[in-house]
Amino acid sequence: MFRDQVTFRRVTAGVLLIVAPLLQALAVVVDPGTWGDDREAVSFGANPVLAQIQSVLYHWSWMLMAVAVLGLVHLTRRRATRLGHVAGALTMLGYLQLSGLLLSDPVEWWLGRHHPPEEAQRILDEMLGLPGVVFGFQLPWMFFGFLGLPVLTAAVWRAGFVGWWAPAVVTAGYLGSFAVSYGPATVPFWAAPVAALGWIGWKILRMGDEAWAACYPAPRVSPERESTRR
């Protein structure tokens, strides 16, 4: 597998499209902030073990999704190519940015252990409100992942690889989560894309190397080379 570029890329894409959204769904379930005090300085302090586990799950979910995006882009090599390229690049950038923000979790836990909740939140807001942090790590980049992935999945649908329901479920899951406060209501929204993206990943694993390689466009032949052949 590691010596065959077609097999390696196909299997990697398929597995990551199953694993990455699943890790995110698990993260929101184990996150103490989902079920406890919405002030993470409090909820993280109440269960620091689960707080660390959720940070790790989110981190690897978003890092692996950034890689899995390459597999989705591959499916748009023949149709919806421009849309796939633009949405894929923005989605990858967004997920990489999201992962970097997780380093604030242990900081918030430490502040909660050494300061009252209100003071801990004030200090954290002051730290994260620095212009370099806001425009370098947060806005607008952090939204590119959740906004770009539904568009990229729609491009995969336009390419004919999956039915319309897949981008509809991904869109309802990720964009719908913006309509509710982070908490128990977030769980079903982030569980929904597990089914849609997992189905795409499963189809990639079952499609075989020949079908995966067929996504590559036929090589272009220059007029000079064509005349030489004749």
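Residues numbered from 1 in each chain as written. Predicted model: local features only at pLDDT ≥ 70, side-chain atom pairs only at ≥ 80, totals over all residues. Heavy atoms only, no water.

Describing the overall build of the protein
Along the protein, the regular secondary structure elements total twelve helices and zero strands. Element order for the protein, N to C, with α for helix and β for strand: α-α-α-α-α-α-α-α-α-α-α-α. Principal-axis analysis of the C-alpha atoms gives the protein an extent of 80 × 35 × 35 Å. Going through the 230 residues of the protein one by one, you find that 40% of them count as buried. For the protein, the accessible area works out to roughly 12500 Å², and carbon and sulfur atoms hold 67% of it. Here the protein contributes 17 positive and 15 negative side-chain charges, whose respective centroids are spaced 21 Å apart. (Helix = DSSP H or I, 4+ residues; strand = E, 2+ residues; numbered from the N terminus. Buried < 20%, exposed > 50% of the residue type's maximum accessible area, 1.4 Å probe, protein only. Areas by Shrake-Rupley, 256 points an atom, 1.4 Å probe, with all protein chains shown as cover. Lys, Arg positive; Asp, Glu negative; His and termini not counted. Charge placed at Lys NZ, Arg CZ, Asp CG, Glu CD.)

With respect to the packing of aromatic side chains
One pass over the structure, following the stated rule, counts ten aromatic pairs. With centroids separated by 5.9 Å and ring planes inclined at 85°, the aromatic side chains of Tyr-58 and Trp-190 adopt a geometry described as edge-to-face. Placement of the pair is Tyr-58 in helix H4 (residues 48-74) and Trp-190 in helix H11 (residues 186-213), with a sequence separation of 132 residues. With relative accessibility at 7%, the residue Trp-190 sits in the buried group. Ring geometry for Trp-62 versus Phe-146: centroids 6.4 Å apart, planes at 75°, classification edge-to-face. In this pair, Trp-62 sits in helix H4 while Phe-146 sits in helix H9 (residues 144-158), placing the two residues 84 residues apart along the sequence. (Phe/Tyr/Trp six-rings, centres within 6.5 Å; stacked < 30°, edge-to-face > 60°.)

Side note on the environment of Ala-66
Following the sequence through the fold, Ala-66 ends up in helix H4. As a C-alpha pair, Ala-66 and Gly-176 span 110 residues in sequence and 21 Å in three-dimensional space. Not counting chain neighbours up to four residues away, the residues in contact with Ala-66 comprise Met-92, Tyr-95 and Leu-96. (Contact = heavy atoms within 4.5 Å.)

Here's the deal with the packing of helix H1 (residues 5-30) against H4
Between H1 and H4, the shortest axis-to-axis distance is 7 Å and the interhelical angle comes to 155°. Overall, the two elements H1 and H4 adopt an arrangement that is roughly antiparallel. The handedness of the crossing between H1 and H4 comes out as left-handed. Split by residue class, the contact of H1 with H4 holds 22 nonpolar, four polar and no charged. (Axes fitted to C-alpha atoms, helices over the stretch in contact; angles between N-to-C directions. Parallel < 35°, antiparallel > 145°, perpendicular 65-115°, else oblique. Left-handed = near helix turned anticlockwise from the far one by under 90°. Nonpolar A, V, L, I, M, F, W, Y, C, P; charged D, E, K, R; others polar.)

Details of the pattern of salt bridges
Tallied over the entire structure, the rule returns five salt bridges. Put simply, Arg-39 and Glu-118 hold a salt bridge, and the shortest N to O gap is 3.3 Å. Here Arg-39, found in the loop between helix H2 (32-35) and helix H3 (40-46), pairs with Glu-118, found in helix H7 (residues 117-128); they are 79 residues apart in sequence, far enough to count as distant. By relative accessible area, Glu-118 is classed as exposed at 53%. Residue Arg-122 pairs with Glu-126 through a salt bridge whose shortest N-O separation is 3.1 Å. One end of the pair, Arg-122, and the other, Glu-126, are both in helix H7, four residues apart, so they sit about a helical turn from each other. The class for Arg-122 is partly exposed, based on a relative accessible area of 43%. What makes Glu-126 exposed here is its relative accessible area of 53%. (Salt bridge = Lys/Arg side-chain N within 4 Å of Asp/Glu carboxyl O.)

Re the environment of Ser-43
Inspection of the secondary structure puts Ser-43 in helix H3. Separated by ten residues in the primary sequence, Ser-43 and Gly-33 have C-alpha atoms spaced 5.4 Å apart.

Focus: the side chain of Thr-186
With respect to the helices and strands, Thr-186 occurs in helix H11. Filtering out sequence-adjacent residues up to four positions away, Thr-186 remains in contact with Val-28, Ser-177, Val-180 and Ser-181.

Honestly, that's just the spatial picture; any functional story needs more than this.
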